[in-house]
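Close look at the chain arrangement
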Amino acid sequence: MSAPEEPKVPEEAKPEGSQKPQQQQGANNNNNKKKGKEVVKKGPAVANVEPPAWVEARLKIFEEYKKRQEEEVAKQPDVPIKVTLPDGKQVDAVGGKSTPYDVAKGISRGLADAVVVCKVDGGIWDLHRPLPQNNVTLELFKFDSPEGKKAFWHSSAHILGQALERLYGGHLTIGPALEDGFYYDVDLGASVVSQEDFPNIAGIAEQIAKEKQPFERLAVPRDVALKMFEYNKYKVEVISKIPAEETVTLYKCGPLVDLCRGPHLPNTSYVKAFKPTKTSGVYWLGQDTNPVLTRIYGVAFPDKKQLTEYEKFMEEAAKRDHRNIGRQQELFFFHPYSPGSAFMLPHGARIYNKLMGLIKAEYHKRGFTEVITPNMFSSKLWETSGHWANYKENMFVFECDKQEFSLKPMNCPGHCLMFGHRSRSYRELPIRFADFGVLHRNELAGALTGLTRVRRFQQDDAHIFCAPDMINAEIRSALGFMQHVYGIFGFDFKLELSTRPEKRLGDEALWDKAEKALEDSLNEMGKPWKLNPGDGAFYGPKIDIHILDAIGRSFQCATIQLDFQLPIKFGLEFQTDSKENELERPVIIHRAILGSVERMMAILTEHTAGKWPFWVSPRQLAVLSVSEKSAAYAKDVWKQMSDVGFYVDLDDSDKTINKKVREHQLAQFNFVLVVGEKEAQDGTVNIRSRDNEQLGLKTIAETIDWLKQLEREFK
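Now for a description of the structure that goes with this document. Just so you know, the residues in each chain are numbered from 1, in the order the chain's sequence is written. Restriction of local features to residues with pLDDT of at least 70 applies here, the model being predicted, together with a cutoff of 80 or more for giving and counting side-chain atom pairs; totals for whole chains, interfaces and linings are based on all residues. Side-chain figures throughout are based on the complete set of non-hydrogen atoms in the structure, without hydrogens or water.

**Looking at the overall build of the protein**
Runs of H or I in DSSP of at least four residues are treated as helices and runs of E of at least two as strands, each being numbered from the N terminus. Scanning the protein from N- to C-terminus turns up 21 helices and 35 strands. Each radius of gyration reported is based on C-alpha atoms, and the globular scaling rule is 2.2 Å times the count of residues to the power 0.38. Computed over its C-alpha atoms, the radius of gyration of the protein comes to 30 Å, within 12% of the 27 Å expected for a compact globule of 715 residues. Relative accessibility thresholds used throughout: buried, under 20% of the residue-type maximum; exposed, over 50%; partly exposed, between the two (1.4 Å probe, protein chains only). When the 715 residues of the protein are sorted by exposure, 53% land in the buried category. Should any heavy atoms of two residues lie within 4.5 Å, those residues are counted as being in contact. Here the contacts in the protein between residues at least 6 apart in sequence split such that 69% fall between residues at least 24 apart. Here the Shrake-Rupley method, with its probe set to 1.4 Å, supplies the accessible areas, and only the displayed protein chains count as covering residues. Of the roughly 32700 Å² of accessible surface on the protein, a fraction of 50% belongs to carbon and sulfur atoms. Charge centroids of the protein, computed over 96 positive and 99 negative side chains, lie 2 Å from each other. For this count, His and the chain ends are skipped, Lys and Arg are scored as positive, and Asp and Glu as negative. Charge placement uses NZ in Lys and CZ in Arg. For Asp and Glu, CG and CD serve respectively.

As C-alpha cells, then:
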C-alpha cells in the first residue's frame, strides 16, 4: 500500500527584495500570472459557497470503498495478540479490530483522552486505526511531543482545507504540518484572501471542530483516486506519480476527502483553539513557471491558554526579527540585482568578521590549518564526488572553455583534491583543513528569508582527514570545540545521533563501526542525547546539534559527520607505519560549528534582541562631549580608544548631553563615555551602560584595561 509522497513543498513566490507574483485569475487560467507583480490580497469576507458538485461525487466514491473495507474487516477472524508497552508491560488485544485507543483506554481513560497519536512497531499510527494481526509494540504520544504536535497540526491543516473548500470552493493542493503550525496551499480561482478574512476562516474551523468529525482512513486503487480527484489538476499530478499497481491512502473528515499518509487525530474536536496567521502567494511545486497559489498559514492547540501563550511568544519573536534589527542598526540589506546575497554594511561586517575571528583564533589553538580553494570547478569534480547526480539542481552551472562548470556549493570535494595532490604519511594525520571560502547554492527564490536562507554565504567549514583509530579522539575534540563556542554565545543545546538511512553507500560493517564511534563519543561527553534512526547522510552517520536561543527556539547549526565514501571516490590513501608500508584509506570528518556565518549572525541577532555583547558589538563605545569646552578632550579620548581597536563613535555636537546619551543608548552602544571640563582636567571618563547603569569615573588607561578584559572574557 502506498500513500502519496508529499510533493516538493511549494516555496514562497516572493523573491528577496522583489514583489510577490500576481495571483492567477481562475482555477485553471494561468495566463494573467506575471512574475514580479504583487498579489492583491484584499476584499470582504466570503460567505459559505454552495458546495461544488465534485464534493458530493468525491464523498460518494469514498463511502462506497469505505463500506467495502468495513465488510472485509468484519469477515476477519479474531486474532489474539500481545501489545508491548515501553515499560515492558504486555496487554491483550484483538488484531485487526482493537485500536491503540482501546489499549490506552484499558490503562486509563485519562491517558486515552490525552494522547493524540501513537507508534506501532516504530511506525507512526492513528489512535483509531486497528492494530495488525500480530504481536506489536506500542508507544503513545501526547500533544507536547514532536510526534504529537506533527499529527495535531497536520489534522489542523485538514480542518483549514475543509474551511477553504466550504468558503471558496478552492482546489486544495498540499497542507503539511510545520515545526510551529501548518499551512495549506490552495487555488482559489478569482477569489482572494486577506487577513480581514481570517475571522471568517477561523469561525468555520471552530464549527468543524465542534462537529467532532472523525478522521477516517481508506486505501483505494490509484485509478479510483484519479477518478475521485479528476476535478483537481494538482491532486491528479501528485497521484499520477504513484506506481499504477499501488494503492493511495486517503483521509476524510466531514465533507473533505484528501490525499494523505496520516496519521491524524481521532476527530476534529481535539482542536480547541485555531488561528490563521498569515497568507502569501506561492508557485505550485516552487517553480516560477507553474500556477500561483494562495498559501494560508495557521496554528492550533488543544487548549486556548496555549494559543494565548503562543501569541505572546510571537510578539516577542517579532520584536527580535533579525531583518528588522538589521535595518534599524544598519547591518545588512538585500537587493534584487543579487537575490539571496547579503550586502554587509560596515556595522554588519564588524559582527561578521568578529564571528570568523573567534573561530580562527580557536583553529590556531586546536591544530586546524586554514586553506583557500577555488570558487569554480569543472563538472568532473562533482561527478567524482557524486554531487552532480544528486545536487546539480542546487548548483549555479555555467559554461567555460566549452565545458560545464559550477560555483562550489560546498568545500569537501576541493579538500579531497588538496589531500590527494601528493603522497601522505600516517605521521601527518590528522590533517585538519579549515576553509571560509565563499559558497553558492541555488535556493529557490521564494525560499530566501533574510540571512537565514541565502544563496551566497560562508561557513566555518572544516574537514578532518584521519586514520580510523583516530575517530573517537577527533569526535570528542569536535564536540568540545562546539561546546566551548556555544558557551560563549550562551546557547544551550541538544544532541542527536542520526544513523544509517535506507538509501546509503558502503558496507554494513563500516556503518556499524562509524555509528559505534559516534555513540561512544557522545556517551563520553556526558550530556543526554537522542537517537534519530535513519536520518544520517547517505555517506555516513552524523551528530546533529540543535541550539536553543533566549526564547526557547531550536536551530540546527553545528554538525559532525563521518564520511567513508569520499575517500573511496577520490582514491585517497596514506602510508601506514607497517613494515610493508601498506596504504590505508583515511576517514573524513565533516565539521561545522557556526554553520553559515550569515545564518548564525541572524540567530545571534534574535538571541540578543540586538543588544550585542561588548566583544562582538558593532557599536562598542560612544564618546560624548558635554560642551564645546571639552570637545578637544573628547576627540583625544576617541582617538585613544580607536587606536587600541575598539569600535568607537564621537559626538561633539551642540546637542544637550542628556539627548546625546539617550540617542546612543537607543542605538545600542554598549557604553557611553561622557567627558566634561572636570574629566578633561583629571584625564578621566564618566561611563554609563546602554541600560543607563552609572559605572563611575575611570582613567583612560583603566578604561582600556577594563574593556580589554571584557573582550577576553567574551562579555
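**Some thoughts on empty space enclosed by the protein**
Buried and open spaces are told apart on a 1 Å grid over the protein atoms alone, a cavity being a set of points where a 1.4 Å probe fits but cannot get out and a pocket being an open set with protein on both sides within 12 Å along at least five of seven lines. Residues with an atom within 4 Å of a point are the lining residues. Grid points are joined across faces, edges and corners, and a volume is the space filled by probe spheres set on the points. The final tally for this structure, using the stated rule, is 1 cavity of 30 Å³ or more. Lining the largest cavity, in full, are Phe 368, Arg 432, Ile 464, Glu 474, Ser 477, Ala 478, Phe 481 and Arg 591. Tallying contributions element by element places helix 14 (residues 471–489) first for the lining of the largest cavity, with 4 residues. Across the lining of the largest cavity, the residue classes break down as 4 nonpolar, 1 polar and 3 charged. Lys, Arg, Asp and Glu make up the charged group, whereas Ala, Val, Leu, Ile, Met, Phe, Trp, Tyr, Cys and Pro make up the nonpolar group; the residues left over, Gly among them, are polar.

**Here we look at the sheet that holds strand 9 (residues 216–221)**
Strands are labelled as partners when DSSP assigns at least two bridges between them. The 3 strands are arranged 9-10-11 in an open sheet whose pairing can be described as antiparallel. Both edges of this open sheet fall to strand 9 and strand 11 (256–259), since each of them pairs with a single strand only. Within this sheet the neighbouring strands show an average axis-to-axis angle of 30°, counted without direction. Inspection of the sheet shows strand 10 (residues 247–253) paired to strand 11 by 4 bridges, in the antiparallel sense. Across the sheet, the residue bridging to Leu 250 is Leu 259, located in strand 11. In this fold helix 4 (residues 146–168) packs onto strand 10 and strand 11, with an angle of close to 125° to the strand it touches most, strand 11. The angle between two axes is taken between their N-to-C directions and runs from 0 to 180 degrees, where each axis is a line fitted to C-alpha atoms and a helix contributes only its stretch in contact.

**A closer look at the layout of surface pockets**
In this structure, the second largest pocket spans a volume of roughly 560 Å³. Lining the second largest pocket are 25 residues, with Gln 69, Val 73, Arg 129, Pro 130 and Arg 217 positioned closest to its centre. For the lining of the second largest pocket, the secondary structure elements donating two or more residues are helix 1 (53–75) and strand 9. Looking at side-chain class alone, the lining of the second largest pocket contains 13 nonpolar, 6 polar and 6 charged residues.

**Some remarks on the packing of helix 18 (residues 631–643) against helix 21 (residues 700–712)**
One way to put it is that helix 18 packs onto helix 21 with a least axis distance of 11 Å and a crossing angle of 35°. For the crossing formed where helix 18 meets helix 21, the hand is right-handed. Side by side, helix 18 and helix 21 meet where Tyr 633, Val 637, Gln 640 and Met 641 of the first sit next to Ile 700, Thr 703, Ile 704 and Leu 707 of the second. Of the residues contributing to the contact of helix 18 with helix 21, the split by class is 6 nonpolar, 2 polar and no charged. We call a crossing left-handed when the near helix sits turned anticlockwise from the far one by less than a right angle, and right-handed when that turn is clockwise.

**Quick word on helix 4**
Here helix 4 spans 32 Å end to end across 23 residues, near enough to the 33 Å set by a 1.5 Å rise per residue. Among the 23 residues that make up helix 4, 19 are buried, leaving the element largely enclosed by the rest of the structure. Directly beyond the C-terminal end of helix 4, a positive phi value near 65° is found at Gly 169. Expected helix span is computed as 1.5 Å times (number of residues minus one).

**Things to note about unusual backbone geometry**
That bond from Gly 262 to Pro 263 is cis: its omega, -5°, falls within 30 degrees of zero. By the element assignment, Pro 263 lies in the loop between strand 11 and strand 12 (273–283). For Lys 402, which is not glycine, the phi dihedral falls at a positive 60°. Its location among the elements puts Lys 402 in the loop between strand 18 (397–400) and strand 19 (403–407). Positive phi values are uncommon outside glycine, yet Asn 692 reaches one of about 65°. Locating Asn 692 in the fold gives a position in the loop between strand 34 (684–689) and strand 35 (694–699). On the basis of relative accessible area, Asn 692 is assigned to the partly exposed category, the value being 41%.

**Some points on the sheet that holds strand 33 (residues 671–675)**
The sheet built from 5 strands is open, its strands ordered 32-31-33-34-35 with mixed pairing. Every other strand in the sheet has two partners, leaving strand 32 (648–651) and strand 35 as the edge strands with one partner each. For this sheet, the mean angle separating the axes of adjacent strands, direction not counted, is 25°. Taken together, the 4 bridges between strand 31 (residues 621–625) and strand 32 define a ladder with parallel strand orientation.

**Some remarks on the packing of aromatic side chains**
Here the aromatic set is Phe, Tyr and Trp, taking the six-membered ring for Trp, and pairing holds for ring centres within 6.5 Å; pairs whose planes are under 30 degrees apart are stacked, those over 60 apart are edge-to-face, and all others are tilted. Under the defined criterion, the tally for this structure stands at 27 aromatic pairs. A centroid spacing of 5.8 Å and a plane angle of 90° characterise the contact between Phe 143 and Trp 153, whose relative ring orientation is edge-to-face. With a gap of 10 residues between them, Phe 143 in the loop between strand 5 (136–142) and helix 4 and Trp 153 in helix 4 connect regions that are remote in the sequence. Residues Phe 143 and Trp 153 agree in their burial class; the two are buried. Aromatic ring contacts, followed pair by pair, group Tyr 486, Phe 489, Phe 491, Phe 493, Trp 615 and Phe 714 into a single cluster. One Lys or Arg, Lys 149, reaches over the ring of Phe 143 and ends 5.0 Å from the middle of that ring. Either the NZ atom of lysine or the CZ atom of arginine qualifies as a charge over a ring when it sits within 6 Å of the ring centre and within 35 degrees of the ring normal. The ring centre of Trp 706 lies 5.5 Å from the NZ or CZ of Lys 698, which sits over that ring.

**Quick look at the nonpolar core**
Inside soluble globular proteins, nonpolar side chains tend to come together where they are buried. Judged by nonpolar contacts, the single largest core of 60 residues is most densely connected at Leu 355, Tyr 486 and Phe 489. Ala 104, Ala 151, Phe 198 and Leu 307 belong to the second largest nonpolar core, which has 58 residues in total. Within this scheme, the nonpolar core is defined by two criteria: the residues are buried Ala, Val, Leu, Ile, Met, Phe, Trp, Tyr or Cys, and they are joined through side-chain atoms within 4.5 Å.

**Some points on the pairing of strand 11**
Residues Leu 256 and Asp 258 line one face of strand 11 and the alternating positions Val 257 and Leu 259 line the opposite face, and both faces are buried. Here strand 10 folds back onto strand 11, and the loop between the two strands holds 2 residues, one of which, Gly 254, carries a positive phi near 60°.

In short, the description is geometric, and any link to function would need to be established separately.
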